[in-house]
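Reading the structure
Now for the letters of each chain:
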Amino acid sequence: MTTTPENDVEGMAAYDQQPWLASYPPEVPHDYDFPDVPLTRFLDDAADSFPTSLAVAFLGTTMTYAQLRADVDRFAGALAALGVGKGDRVALVLPNCPQNVIAFYAILRLGAVVVQHNPLYTAHEMGHQLADSGATVVITLDRAYATVAEVRDQTALEHVIVTSIIDYLPRRQQLLLRLPISKARTKRAEISAVVPKDVAQFTELLAHSPGPAVQADLDPSTDLALLQYTGGTTGLSRGARLTHANLVANAYQCRLWFTGAKAGQERTLAVLPLFHAYGLTLCLGLTVLLAGNLILLPRFDLELTFEAIDKWQPTLFPGVPPIYKAMVDSPDVGKHDLRSIKECVSGAMKLPVEVAAAFEQITGGRLVEGYGMTEASPVTHANPLTGTRRSGMIGIPIPGTRARIVDQEDPAIAMPVGEPGELVISGPQVMQGYWNATGSDDSFAATFTEDGYLRTGDIAVMDADGWFAVVDRKKELIIAGGFNIYPSEIEEVLYTLVGVADCVVVGVPDTYRGETVKAYIVLQPGAMLTEADVTAHCAERLTAYKVPKQVEFRDTLPRTLVGKVLRRVLVAEEREKAEAAKNAG
């Protein structure tokens, strides 16, 4: 697959004319011919070149690349014995753990398709995705088994494989957790009681595999590697069809961005969940491509994170703003040495300037804002990790990516430089479309332009130098009384109000305006603010129709595991309230 990174002529400066290149390492090429290989080639190359190097570290357990490949091939053999073959969908309901990594590559070894799921999904969410994907096998954490069992009769599942975090803890820790006085043992027993004895166990299948499986023949450019369901922050999730070529290309694109990274020497702290596209590519894909050490944490926990940094001294740390903010705000941060961290790309939401500055002061590394979406494997833009960067902007397209700004209603019309419009993207990392959708579907035109660019749904602007900034999400646009209102503009004003720790703005039903603006606010500890304080602050800085007409104070905001606010949850709550009030009246 051959791609060129120069941007389209529609209002965007060519790569070789962009000012940032003057300070960017000259050895980075402008033309790319990404390898046409299965994603498993990363693992094979790492195991061939660095067999004794650490591949995975997990709560005291370690695996070399030789050990990881051996387990992958044996587990692939076990799956093949269950009937899994090319094109079959195999669901993973696992947090960050060795089983996730082993199963991921084993599924791909057989030419089957991975379908990632959040172990914390509700039965409704789990049932929808399992049924929609047509998965025939699921590998689930024991704690999520009850949810899988509840929806199984709605799916095509033929086999359920269960595993536990405890299975990959060091022997000493396993024994401690099984002591009669241990609360953990009691909890373990409760979970085990829910899982029938005839359900297949991950470790048993691995131990009794009929033999290692070989790599299936496949076409990387057309054969799917992953069905990655969208986060569902604004509606029902859909499965993005990502090929081996999509994921291989994006890993290489990120590799080109991390110019200081060295093969066999990097250590990536993987707090981002691997069941999310961001964690899958920036943590797993990039690290294995680099033959680096993947330091897995099952969830973000400050104490666990600081302990992992102390022990492993990670060099790469992809994350999201709430993670970095929690670390710099911690009173314990000074007790730990974070100076090993060299390069971090933050995604999912806007990176506050003060958070980036504080994190860089503590670590001495570089933290920049990037951008991506599930449908693009996911990375498409980033600020450079060396030289020029621009705060408040998502940066420039990564190598091999084209981007432009188009009219929101007619994507055939390019917007002038500096004018807001919808961001559209083309590149080797862009998905093939949504699962169970065809080019004739109404949704296809809403997803791609006529010339094949992915419509992001994000409202952005591009400056004269080819740098991009996201203004807002098109789907989150509030239309009140005929006025277009961008929530992020109001949120930025709210964050300047002393006492506001977190906030989000959504459009809620309104009899006269169609929608009206509502702000949800989380206060800082000890802060005392009223609705009048909030509206007065906004009225000084915003035109009248943008000022929140409703304000609700909350302890927390609903978020995905990568930190995005679940606006759809809040909107659904408001619609239910409006419907209840209507029925009561």
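Note that the coordinates shown come from a computational prediction; the quantities given were computed from them, not determined experimentally. (Residues numbered from 1 in each chain as written. Predicted model: local features only at pLDDT ≥ 70, side-chain atom pairs only at ≥ 80, totals over all residues. Heavy atoms only, no water.)

Remarks on the overall build of the protein
The number of helices and strands found in the protein is 17 helices and 26 strands. Across the 585 residues in the protein, those meeting the buried criterion constitute 56%. Restricting the contact set of the protein to residue pairs at least 6 apart, pairs at least 24 apart contribute 68%. Summed over all atoms, the accessible surface of the protein reaches about 24000 Å², with 53% contributed by carbon and sulfur. (Helix = DSSP H or I, 4+ residues; strand = E, 2+ residues; numbered from the N terminus. Buried < 20%, exposed > 50% of the residue type's maximum accessible area, 1.4 Å probe, protein only. Contact = heavy atoms within 4.5 Å. Areas by Shrake-Rupley, 256 points an atom, 1.4 Å probe, with all protein chains shown as cover.)

Quick word on the side chain of Asn100
By the element assignment, Asn100 lies in helix H3 (residues 98-109). On the accessibility criterion, Asn100 (1% relative accessible area) is buried. Side-chain polar atoms of Asn100 contact the backbone oxygen of Leu94, separated by 3.4 Å. Sequence-distant contacts of Asn100, defined by excluding residues within four places in its chain, comprise Leu92, Leu94, Pro95, Gln116 and Leu274. (Polar contact = N/O pair within 3.5 Å; in protein donor to acceptor, adjacent residues only side chain to side chain.)

Some details on a negative patch on the surface
Together, Glu303, Glu307, Asp310 and Asp337 make up a negatively charged patch on the protein surface. With respect to the element layout, Glu307 can be found in helix H11 (residues 302-312). With relative accessibility at 42%, the residue Glu307 sits in the partly exposed group. (Patch = residues over 30% accessible without salt bridge, like charges linked within 9 Å, V, L, I, M, F, W, Y side chains within 5 Å. Salt bridge = Lys/Arg side-chain N within 4 Å of Asp/Glu carboxyl O. Lys, Arg positive; Asp, Glu negative; His and termini not counted. Charge placed at Lys NZ, Arg CZ, Asp CG, Glu CD.)

Side note on the packing of aromatic side chains
In this structure the tally under the stated criterion is eight aromatic pairs. The interplanar angle of 70° and the centroid separation of 6.5 Å between the aromatic rings of Tyr168 and Phe202 together place this pair among those described as edge-to-face. A residue pair is termed long-range when its members are at least 10 positions apart, and Tyr168 in the loop between strand E8 (159-163) and helix H6 (171-177) and Phe202 in helix H8 (residues 202-207) qualify at 34 residues. Residue classification places Tyr168 among the buried residues on the basis of a relative accessible area of 10%. A network of ring pairs unites the aromatic residues Phe34, Phe42 and Tyr252 as a single cluster. The ring of Tyr434 carries the charged tip of Arg238 above its face, separated from the ring centre by 3.8 Å. Of note, Arg404 hangs over the ring of Tyr453, and the distance from its end group to the ring centre comes to 3.9 Å. (Phe/Tyr/Trp six-rings, centres within 6.5 Å; stacked < 30°, edge-to-face > 60°. Lys NZ or Arg CZ within 6 Å of the ring centre and 35° of its normal.)

Side note on the pattern of salt bridges
One pass over the full model with this rule turns up 27 salt bridges. Across the pair Asp44 and Arg69 runs a salt bridge, and its minimum N-O distance is 3.6 Å. One end of the pair, Asp44, is in helix H1 (residues 40-49); the other, Arg69, is in helix H2 (residues 65-81), with 25 residues separating them in the sequence. Judged by its relative accessible area of 17%, Asp44 is buried. Residues Lys518 and Glu574 are paired through a salt bridge, measuring 2.6 Å at the closest nitrogen-oxygen approach.

Considerations on the confidence of the model for the protein
The predicted structure's coordinates, where accompanied by low pLDDT, should not be read in detail. Chain-level statistics for the protein give a pLDDT mean of 87 and a share of 88% at 70 or above. Low pLDDT (under 50) marks residues 1-30, which in the prediction has 78 contacts with non-local residues, meaning those over four places away or in another chain. For the stretch residues 179-188, pLDDT sits under 50, and the model shows 13 contacts to residues farther than four places along the chain or on other chains. (pLDDT = per-residue confidence, 0-100.)

Observations concerning helix H16 (residues 531-539)
Buried within H16 are the following residues: Val534, His537 and Cys538. All buried residues of H16 fall inside an arc of 95° around its axis, so they share one side. Those residues of H16 hidden inside the fold are in contact with helix H15 (487-495), strand E25 (514-523) and strand E26 (550-553). (Arc of directions from axis to C-beta.)

Some points on the pairing of strand E10 (residues 224-229)
Buried residues dominate E10, accounting for six of its six residues. Sheet topology places strand E6 (residues 113-117) next to E10; two bridges connect them, and they run parallel. Paired with Val114 across the two strands is Leu226, which belongs to E10. As judged from the five bridges shared by E10 and strand E11 (residues 239-243), these two strands associate in the antiparallel manner. Paired with Leu224 across the strands is Thr243, a residue of E11. (Pairing = 2+ DSSP bridges.)

Details of the sheet that holds strand E20 (residues 454-462)
The strand order across the open sheet built from four strands is E18-E19-E20-E21, with neighbouring strands paired in antiparallel fashion. Only two strands of the sheet have a single neighbouring strand rather than two, namely strand E18 (402-406) and strand E21 (468-473). With strand direction ignored, the average angle separating the axes of adjacent strands in the sheet is 45°. In this sheet, strand E19 (residues 421-426) lies alongside E18 in antiparallel orientation, the contact comprising five bridges. (Axes fitted to C-alpha atoms, helices over the stretch in contact; angles between N-to-C directions.)

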